[in-house]
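Secondary and tertiary structure notes
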Amino acid sequence: EPEVTQTPSHQVTQMGQEVILRCVPISNHLYFYWYRQILGQKVEFLVSFYNNEISEKSEIFDDQFSVERPDGSNFTLKIRSTKLEDSAMYFCASMGLAGGSTQYFGPGTRLTVL
Amino acid sequence: DAKTTQPTSMDCAEGRAANLPCNHSTISGNEYVYWYRQIHSQGPQYIIHGLKNNETNEMASLIITEDRKSSTLILPHATLRDTAVYYCIVWSGSNYKLTFGKGTLLTVNP
């Protein structure tokens, strides 16, 4: 069964450093998403991406964040200058067709900012 | 997206059916009811979704009331591995994002 994969599973970084979180969506999916979950809190939407551009982004997704689909398989989330409050689980998701289709989530990357 | 209301927590005995309710009284005609679950801090796992009719797959059944204002997720024979937070989400797909609430923590007891 196809699945979304994410690397690394755990990333530890120093405050102010740049991190790149990587995702391989399900093959032939067209819509891609990043969500995050701070420990003990709800899963929050960050950004959606379709046709090589951002479809929607939340207030959390400020100038420090960017997304890219550098090739036909990877989807990345970059945080330019990490802050302590960026520590969270980051989940990638992908979806095939809009309108009644389903988002499938990866296992997540735990980001720890020291 | 319409808001949903779920109990904070529920218990179920292993081997018994787990029935998780969800209220979505402001659901629109084009909005589906989706159920996901999250085991510990793993990624949300899709379970099932429906529009009007009841649905069943290998994981669960979804019962949607005729007026579509509420639904019930049924795990027919709960196991310890079904202990998780279950999210009921109303979603049209048109704005692409899923909005997660706090969900129901289902604890399956031996």
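A short tour of the structure in this document, coming up.

Criteria and cut-off values
Residues numbered from 1 in each chain as written. Chains lettered and ligands numbered in written order. Predicted model: local features only at pLDDT ≥ 70, side-chain atom pairs only at ≥ 80, totals over all residues. Heavy atoms only, no water. Helix = DSSP H or I, 4+ residues; strand = E, 2+ residues; numbered from the N terminus. Buried < 20%, exposed > 50% of the residue type's maximum accessible area, 1.4 Å probe, protein only. Contact = heavy atoms within 4.5 Å. 1 Å grid on protein atoms, 1.4 Å probe; cavity = no way out; pocket = protein on both sides within 12 Å on 5 of 7 lines; lining within 4 Å. Points joined across faces, edges and corners; volume = space filled by probe spheres on them. Nonpolar A, V, L, I, M, F, W, Y, C, P; charged D, E, K, R; others polar. Buried area = accessible area lost by both parts, 1.4 Å probe. Salt bridge = Lys/Arg side-chain N within 4 Å of Asp/Glu carboxyl O. Pairing = 2+ DSSP bridges.

1. As for the environment of Ala93(A)
All names here are of chain A.
- Mapping Ala93 onto the fold places it in strand β9 (residues 88–95).
- Residue Ala93 is classed as buried on the basis of its relative accessible area of 0%.
- For the pair Ala93 and Leu77, spaced 16 residues apart in sequence, the C-alpha separation works out to 12 Å.
- If we skip the residues at most four places from it in the chain, Ala93 touches Tyr31, Phe32, Tyr33, Tyr35, Gln103, Tyr104 and Phe105.

2. Observations concerning the layout of surface pockets
- In this structure, the largest pocket spans a volume of roughly 800 Å³.
- In this structure, the largest pocket is lined by 35 residues; those nearest its centre are Lys42(A), Tyr87(B), Gly101(B), Lys102(B) and Gly103(B).
- Of all elements in the fold, only β9 and β11 (109–113) of chain A together with β8 (84–91) and β9 (104–109) of chain B reach the threshold of two or more residues within the lining of the largest pocket.
- When residues of the lining of the largest pocket are assigned to their parent elements, the largest contribution, six residues, is made by β8(B).
- The residue makeup of the lining of the largest pocket, split by class, is 14 nonpolar, 16 polar and five charged.
- Estimated volume of the second largest pocket: approximately 600 Å³.
- Along the walls of the second largest pocket sit 22 residues, with Glu1(A), Tyr104(A), Phe105(A), Gln45(B) and Tyr46(B) positioned nearest its centre.

3. Brief notes about the interface of chain B and chain A
- Of the residues lining the interface, 21 residues belong to chain B; the matching set on chain A comes to 24 residues.
- Taking both sides of the interface into account, the surface hidden between chain B and chain A amounts to around 1,700 Å²; carbon and sulfur atoms contribute 58%.
- There are one salt bridge connecting chain B and chain A.
- Notably, a salt bridge pairs Glu56(A) with Lys97(B), separated by 3.5 Å at the nearest N-O pair.
- Mapped onto the side of chain B that touches chain A, the elements with two or more residues apiece are β3 (32–38), β4 (45–50) and β8 of chain B.
- For the side of chain B that touches chain A, the leading source of residues is β3(B), giving four residues.

4. Describing the environment of Gly15(B)
All names here are of chain B.
- Here Gly15 lies in the loop between β1 (9–13) and β2 (18–23).
- For the pair Gly15 and Leu80, spaced 65 residues apart in sequence, the C-alpha to C-alpha distance is 8.9 Å.
- When residues no more than four places from it in sequence are discounted, the contact partners of Gly15 are Pro76, His77 and Ala78.

5. A look at the sheet that holds β2(B)
- In spatial order, the strands read β2-β7-β6-β5 (chain B); together these four strands make up an open sheet with antiparallel pairing. Of all strands in the sheet, those with a lone pairing partner are β2 and β5 (55–56) of chain B, marking the two edges.

6. Remarks on unusual backbone geometry
Residues and elements named next belong to chain A.
- Across the junction of Thr7 and Pro8, the peptide omega takes the value -10 degrees, indicating a cis bond.
- Along the polypeptide, Pro8 turns up in the loop between β1 (5–7) and β2 (10–13).
- Even without being a glycine, Asn28 presents a positive backbone phi close to 70 degrees.
- Mapped onto the elements, Asn28 comes out in the loop between β3 (19–24) and β4 (31–37).
- One non-glycine residue with positive phi stands out, namely Asn51, at about 55 degrees.
- Along the chain, Asn51 falls in the loop between β5 (44–50) and β6 (53–57).

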